Amino acid sequence: MHIEIKSPLYWSVIGLVVIFLFAAPFPKALFDGNAVSLEYPLYVALAWSAGALFLTSLVWFKHWNLYGKGDALHVVVWFIPLSYLVSLPFAVSHHTAVHSVYMHTMYAAFFIIGMSLANHKLSFSLLRNGVMFSGYAVVWYGLLHLFGNAHRADAVILQAGQVRLASVFEYPNTYAAYLTGILLGGLFLVVSSRKWYAAALHAMMLAPAAISFLLTLSRGGLLAFPVSLWLLLPFLTLARQIALLLCLAVTFAVSLFTLGKISGLGLEIYQRFSAPLSFAGWTTLLSASAAAAVAVLLVKRYVLPALENIIDKYVTFRYSRMLLPAGMIIAGLLGGYVLFGHSGVVGLLPDNIKHRIESINLQQHSVLERATFYKDALKLFRDYPLFGAGGGAWPALYQTYQSNPYVSTQTHNFYLQYLVETGLAGFAALIVFLGYVFFRFMRNVVKNSAYQRETDLVFYIFAVSVLIHSIIDFNMSYAYLSSLVFLCLGAMASRGGFPEYPPSGEAVRKIYGKTYAVFLCLIAVGTYAASLQTLYANYLFNAAVHLAEEDKPLREVFAPLDEALAKQPDHPDSVLYKVGLLYEAYGQTKNEAYHNEALERIGRLKKQEPFDRRLLEAEYDAYMDKEQFDRALTVVSGGLKHFPWDISLYERSITLHYELGNKARLDGNKRLADSHWNAAFDIYGDVLQKIEQLKRVPKTQRTGRPFYVTPYIAYSLGKIYFIRGDFESAAAMLKPDDGESLDDPLNRMTVRWYIAALRKQNKDDPEWYEKLLAADPNEKMAVDALLQSDTEKNSGI
């Protein structure tokens, strides 16, 4: 593709992309967490990318046609959002599925823009510098928080008595993946830059980036970094490989030397800010930065030329650039033995790094938990194999497929999450796309001269660093990182050395080019319109929330909320907020219209979001408010199929079966009573079975949310035993744990029935009986009433 770069439209695109690179990281790196509170910056970014794509389409309409076979990637990339569009009919969450189509349209747009901008030397350089220097801004932003000069929740995290740096991502592991790209990109530019001031500028950032990387305390980062480094080295000459490794060694040596002091100062500042401590931290950091910069610049100035002379003279082996990567494999194995083989070398490292390295093993809880996520994701995939379950499938369905009650709305594996969302069709499209981009890029790198080859590598470094680490984490759930990766892939693809088409047929290719430009224009306009509508709906929703918090009249709150719902009738957060207000209005006025409208909205939304846990709660509350226990039981029973590890649903189900059974008994319907009570014990059996299942989980793995026989379960089942005359089982079920407080009404009722069950057997527990009377003297009468009642007629006091 050949575009004249004098066009103001072309420079407008460059300006929009550079602004995006510097602005997009700061709203939590555009984390796409399926929450209404995160939507606004995501759709601002979508509108921004649509604007850039629109300008690109205008430039292309004048200049572009199909010049080379690589231009086919302009079309192939659209299979990425198309795979999400195709999965829409099968989506388990319509809202998140549509949202995913929009987000992946944005990623495709950045790929197209990357291919456009990287075609020319000047715009290529601006794009490369934009990627690097926006990254440096993120590094300084994180350090400002470490030394207490800025304040943002979770930019620095305290964990196990150690500070972990997270910067804009608010998640250290993803920050480590990002810093891998920053650090390797900076090292590469120091070694390859022909201008001394450019090399010096990047050299000054090496120590801050390395120290930030180490302070993430990311085990996954420590494992993924050498893989990314290994994938970079074969593209460099042997001399530059050695020089880069020397610079890396010097950088980490300086960083480790100062890490203990910087980490300690960061911890003290986290606990209580002090200007002298902050000053000491900055002094130490800047000294380390200067020392590392001087050392690596000396390597570049004196060692690299000497290496090039020696290697050019004595190493004529054609595949010499593969010698060092091959040696790295052996060195990596030896290094692993040194670090993990109890050699004592690890003891020389700073304590925080030492502890993280020592905890790296296959039985470590995060490894076992991820293995469970992956196994459960494959179970989900088997039920939606061809086109997947749509965008947002994992957060919607993971509780249905989970093997234990963990809480994780991310699979911690980008590729598996993509597989469950788009199925084999979408996954194949992704792999073919990535494979073709990397294959053509690598082929071009091998063919080109050393300098031309190495100028392309910054984009490759970033893409590889994030994509490799995404095997074990959810980096691509940050829309900023996904956009950056696709931008880098586009830049790689633009310089792929694709053969050009012969001159014949150029007129036809021009028609195709203009048709494609029109297609891009329509995509951009449609996406921009959709983003504006979503942004306005989000604004109206937040306005309604603000009015409600100010206790404004309900009609004033409903006005913006209803307008938001008119624009997004199936937005779960808006609908549920309206339902909550309707329930509140019903509670105050007892106007059935409010109650009926709430149920109607819940019913409509359930068709689009059948697995939304909040809908279950809203419907359950509606029926419980009107004491429609049978309908509430139906809701809970359905919920157990979707949320089999939610102990609160078992608790409610057993309680409702008790209440409905007791009501049937009082009505003289013993058969129905027994049916409900037998069902309660069947559910209890399921609880015990799952508790046994949890005992088989490895001890080093965290099982997640509590799952046990709750006091409400024990209370309901104990009463059933008591009414049926099985006092021994009732006492065993109701027996309180040591140390339970009788200030809690449920505990008092449980002990009341426990004492009665014992006395029905001519037994007693004087200690608990005295505690019961001390808590409430009226409990004596309540116990006596239970003892005097006929259990076949007992009303369940």
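Structure: see above.
*Asks:* Teacher, can you tell me more about the overall build of the protein here?
*Replies:* Counting its secondary structure elements, the protein contains 33 helices and 2 strands. Buried residues in the protein amount to 55% of all 797 residues. Within the protein, contacts between residues at least 6 apart in sequence are counted, and of these 75% link residues at least 24 apart. In the structure as shown, the protein presents an accessible area of about 34,200 Å², 61% of it carried by carbon and sulfur atoms.

*Asks:* Can you help me understand the environment of L434 in this one?
*Replies:* Inspection of the secondary structure puts L434 in helix α17 (residues 414-447). Exposure remark for L434: the relative accessible area of 10% places this residue in the buried category. For the pair L434 and L489, spaced 55 residues apart in the sequence, the C-alpha separation amounts to 8.3 Å. Beyond its immediate sequence surroundings of up to four residues, L434 is in contact with Y415, L467 and L489.

*Asks:* Sorry, what's going on with the pattern of salt bridges here?
*Replies:* A side chain of one charge can pair with a side chain of the opposite charge when the charged atoms of the two come close. Following the criterion strictly, the structure yields 25 salt bridges and no others. Note that R702 and E369 form a salt bridge whose closest N and O atoms lie 3.1 Å from each other. Here R702 is found in the loop between α28 (670-695) and α29 (711-724), whereas its partner E369 is found in helix α15 (residues 365-383), with 333 residues between them in sequence. Residue classification places R702 among the exposed positions, given a relative accessible area of 53%. On the accessibility criterion, E369 (13% relative accessible area) is buried. Measuring nitrogen to oxygen at the nearest pair gives 2.9 Å for the salt bridge that ties K670 to D674. Of the two residues, K670 and D674 are both situated in helix α28; the distance of 4 residues between them amounts to about one turn of the helix. Residues participating in the shared-partner salt-bridge network are D562, K578, E597 and R601.

*Asks:* Teacher, can you tell me more about the pairing of strand β1 (residues 156-159) here?
*Replies:* As judged from the 4 bridges shared by β1 and strand β2 (residues 162-165), these two strands associate in the antiparallel manner. Residue pairing for β2: I157 is matched across the bridge by R164. Turn length for the β1-β2 hairpin, with the two strands adjacent in sequence and antiparallel, is 2 residues, and the turn residue A160 shows positive phi of about 55°.

*Asks:* Before we go on, may I ask you to explain the packing of helix α5 (residues 94-117) against helix α20 (residues 479-494) in this structure?
*Replies:* The N-to-C vectors of α5 and α20 enclose an angle of 35°; their axes lie 7 Å apart at closest approach. In this structure, α5 crosses over α20, and the sense of that crossing is right-handed. Facing M103, M106, Y107, F110, F111, G114 and M115 of α5, the residues of α20 in contact are A479, S482, S483, F486, L487, L489, G490, A491, A493 and S494. Residue composition of the contact of α5 with α20, grouped by class: 12 nonpolar, 5 polar and no charged.

*Asks:* Would you mind showing me how to read a nonpolar patch on the surface here?
*Replies:* A cluster of nonpolar residues, V75, F79, L82, L85 and V86, forms a patch on the protein surface that exposes about 400 Å² of accessible area. Inspection of the secondary structure puts V86 in helix α4 (residues 79-86).

*Asks:* I tried to follow the nonpolar core on my own but got confused; where do I start?
*Replies:* In terms of nonpolar packing, the biggest core is built from 148 residues, with F111, Y178, F433 and L489 touching the most fellow members. Excluding residues that lie within four positions of it along the chain, F111 makes contacts with L73, V77, F433, V437, F486, L487, L489, G490 and A493. With 54 residues, the next largest nonpolar core counts F643, A680, I713 and A714 among its residues.

*Asks:* Even after reading the chapter, I still don't get α4, so can you show me in this structure?
*Replies:* Because each turn of an α-helix spans 3.6 residues, side chains separated by three or four positions end up pointing in the same direction. Listed as buried for α4 are I80, P81, S83 and Y84. Burial along α4 is one-sided: seen end-on, the buried residues are contained in an arc of 150°. Looking at the buried side of α4, the elements it contacts are α3 (73-76), α5, α17 and α20.

*Asks:* Looking at this model, I keep getting lost on the side chain of T180. Mind explaining?
*Replies:* Here T180 is to be found in helix α7 (residues 172-192). From its side chain, T180 meets the backbone oxygen of A176 in a polar contact 2.9 Å long. Beyond its immediate sequence surroundings of up to four residues, T180 is in contact with F213, F225, S228 and S465.

*Asks:* Just to check I follow, could you spell out the side chain of R748 for this structure?
*Replies:* Tracing the chain through its elements places R748 in helix α31 (residues 745-759). Among buried charged residues, R748 stands out as having no salt bridge; its nearest opposite-charge side chain is E779, 4.2 Å away. Contacts of R748, omitting those with residues within four sequence positions, involve L742, D743, L772, A775, D776 and E779.

*Asks:* How do you make sense of the packing of aromatic side chains when you look at a structure like this?
*Replies:* Aromatic ring pairs are described here by two measures, namely the spacing of the ring centres and the angle between the planes. Summed over all chains, the structure comprises 44 aromatic pairs. With centroids separated by 5.9 Å and ring planes inclined at 85°, the aromatic side chains of W196 and Y197 adopt a geometry described as edge-to-face. Relative to F252, the ring of F225 lies with its centre 5.9 Å away and its plane at 85°, an arrangement referred to as edge-to-face. Remark: F252 occurs in helix α11 (residues 238-271) and F225 occurs in helix α10 (residues 219-232); sequence separation between them is 27 residues. Residue F225 shares its accessibility class with F252, and that shared class is buried. Sitting over the ring of F558, K578 keeps its end group 4.6 Å from the ring centre. Across from the ring centre of W645, 4.4 Å away, lies the NZ or CZ of K690, which sits over that ring.

Cut-offs applied
Residues numbered from 1 in each chain as written. Predicted model: local features only at pLDDT ≥ 70, side-chain atom pairs only at ≥ 80, totals over all residues. Heavy atoms only, no water. Helix = DSSP H or I, 4+ residues; strand = E, 2+ residues; numbered from the N terminus. Buried < 20%, exposed > 50% of the residue type's maximum accessible area, 1.4 Å probe, protein only. Contact = heavy atoms within 4.5 Å. Areas by Shrake-Rupley, 256 points an atom, 1.4 Å probe, with all protein chains shown as cover. Salt bridge = Lys/Arg side-chain N within 4 Å of Asp/Glu carboxyl O. Pairing = 2+ DSSP bridges. Axes fitted to C-alpha atoms, helices over the stretch in contact; angles between N-to-C directions. Left-handed = near helix turned anticlockwise from the far one by under 90°. Nonpolar A, V, L, I, M, F, W, Y, C, P; charged D, E, K, R; others polar. Patch = residues over 30% accessible without salt bridge, like charges linked within 9 Å, V, L, I, M, F, W, Y side chains within 5 Å. Core = buried A, V, L, I, M, F, W, Y, C linked by side-chain atoms within 4.5 Å. Arc of directions from axis to C-beta. Polar contact = N/O pair within 3.5 Å; in protein donor to acceptor, adjacent residues only side chain to side chain. Lys, Arg positive; Asp, Glu negative; His and termini not counted. Phe/Tyr/Trp six-rings, centres within 6.5 Å; stacked < 30°, edge-to-face > 60°. Lys NZ or Arg CZ within 6 Å of the ring centre and 35° of its normal.

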